[in-house]
Amino acid sequence: MGRFDDLSARDRVMVALDCGPEEARALADKLEGHATWLKVGITLIYDGGLPLVKELRDRGFKIFVDSKFHDIPHQVRGAVMSAAHSGADLVTVHGSGSEKMLVACHEAAEQSLVEFGHKPYVIAITVLTSMDAEELAMVGVTRSIPDQAAALAKLAVDSGLDGIVCSPMEAREMRELLGPDALIVTPGVRPAGAALGDQSRVATPAAAVNAGASHIVVGRPITQAGDPVAAFESIVAEIEAR
Ligand code: C5P
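These lines cover the structure that appears in this document, whether it is placed above or below. (Residues numbered from 1 in each chain as written. Predicted model: local features only at pLDDT ≥ 70, side-chain atom pairs only at ≥ 80, totals over all residues. Heavy atoms only, no water.)

Examining the site of the ligand
Part 1: The immediate surroundings of the ligand are formed by Ala-16, Asp-18, Lys-39, Thr-129, Pro-187, Arg-190, Gln-199, Val-217, Val-218, Gly-219, Arg-220 and Pro-221.
Part 2: Between an oxygen atom of the ligand and a side-chain N or O atom of Lys-39, the distance comes to 2.9 Å.
Part 3: In this structure, Gln-199 approaches the ligand through a side-chain N or O atom, which is 2.7 Å from an oxygen atom.
Part 4: Residue assignment for the shell around the ligand shows that the elements contributing at least two residues are strand 8 (215-218) and helix 9 (220-223). (Near = heavy atom within 4 Å. Polar contact = N/O pair within 3.5 Å; in protein donor to acceptor, adjacent residues only side chain to side chain. Helix = DSSP H or I, 4+ residues; strand = E, 2+ residues; numbered from the N terminus.)

Here it is as structure tokens:
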């Protein structure tokens, strides 16, 4: 039995607010009382969105700060602490940043609990889904994308991180590799019949969770729906019915 097996469907859906602060607030107003998790990415953070993290957390949401940190250990240690202080419940870092960097992130999360009484989950990005084998080779990685993703995922969890972000297509093998307690967060999720946008390797919410995702990230199918709450609730219902 894994630590996320009992999560309700509602607590598994992370809504990506890829927009400016005003639109993010308007979406939060609608989703309050429905959604548990909101995802704040770097576009929103650098558009004055950082104060939103605390504001939305104070309103009862859990906040996934998709920070994608990658720097020297000293700097990421401080960055994870700062994100924790601002109220982040989950932060992302690049798994390719080295074992020392990942350990520093893990230690920073533990230290946040001591200093702020609040500890965010820290999870690793393995290989960006926008990269292909040729692009990976250009930055010096010649093993296959699945091998690279698996190696970085294992390194992250062995360094004390809580889990990884991956495509729903990789969720099953990542669950087998990392065991029942890892957080496995999958973007690239589309309800049946929804527009793909720029996503290509997609799965439905139910398929992603059945494959081993603990959480799914859904942006435009909810945020650009005529009725975001109805779109959110239908995804919840789909996961419940799986
Ligand atoms: O609108 P959509 O559902 O495609 O949004 C997916 C979210 O997940 C976006 O915030 C995007 O940045 C993020 N993401 C992704 N693919 C990755 C990592 C993150 O789509 N590999």
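Topic: the sheet that holds strand 6 (residues 163-165)
Part 1: Around the barrel, eight strands lie side by side as 1-2-3-4-5-6-7-8; this closed barrel has parallel pairing. When strand polarity is set aside, the average angle formed by the axes of neighbouring strands in this sheet is 25°.
Part 2: Across five bridges, the pairing between strand 4 (residues 90-94) and strand 5 (residues 121-125) is parallel. Bridge pairing in strand 5 links Leu-90 to Tyr-121.
Part 3: Contacts between helix 3 (residues 73-85) and the sheet are confined to strand 3 (62-69), strand 4 and strand 5, with strand 3 contributing the most and set at about 160° to the helix. (Pairing = 2+ DSSP bridges. Axes fitted to C-alpha atoms, helices over the stretch in contact; angles between N-to-C directions. Contact = heavy atoms within 4.5 Å.)

Thoughts on the pattern of salt bridges
Part 1: By the definition in use, this model includes 14 salt bridges.
Part 2: When the shortest N-O distance is used, the salt bridge between Arg-3 and Asp-162 registers 3.3 Å. Here Arg-3, found in the segment before strand 1 (13-16), pairs with Asp-162, found in the loop between helix 6 (145-158) and strand 6; they are 159 residues apart in sequence, far enough to count as distant.
Part 3: For Glu-55, the salt bridge is made with Arg-25, and the minimal N-O distance between the two is 2.7 Å. In this pair, Glu-55 is assigned in helix 2 (residues 42-58) and Arg-25 in helix 1 (residues 21-31), connecting sequence segments 30 residues apart.
Part 4: Judged by relative accessible area, Glu-55 falls into the partly exposed class, the value being 27%.
Part 5: Overall, Arg-25 belongs to the partly exposed group, its relative accessible area being 24%. (Salt bridge = Lys/Arg side-chain N within 4 Å of Asp/Glu carboxyl O. Buried < 20%, exposed > 50% of the residue type's maximum accessible area, 1.4 Å probe, protein only.)

Observations concerning the packing of helix 1 against helix 2
Part 1: Relative to each other, helix 1 and helix 2 sit at 30°, their axes nearing to 9 Å. Classified by the interaxial angle, the pair formed by helix 1 and helix 2 is roughly parallel. Residues Pro-21, Ala-24, Arg-25 and Ala-28 of helix 1 form the contact with helix 2, whose own contacting residues are Leu-44, Asp-47, Gly-48, Leu-52, Glu-55 and Leu-56.
Part 2: Of the residues belonging to the contact of helix 1 with helix 2, the class tally is six nonpolar, one polar and three charged. (Parallel < 35°, antiparallel > 145°, perpendicular 65-115°, else oblique. Nonpolar A, V, L, I, M, F, W, Y, C, P; charged D, E, K, R; others polar.)

Section: helix 3
Part 1: Helix length check: helix 3 (13 residues) gives 18 Å between terminal C-alpha atoms against 18 Å at 1.5 Å per residue, within 8%.
Part 2: What helix 3 keeps buried is the set Val-76, Ala-79, Val-80, Met-81, Ala-83 and Ala-84.
Part 3: Contacts made by the buried residues of helix 3 are with strand 3, strand 4, helix 4 (99-116) and strand 5. (Expected span 1.5 Å × (residues − 1).)

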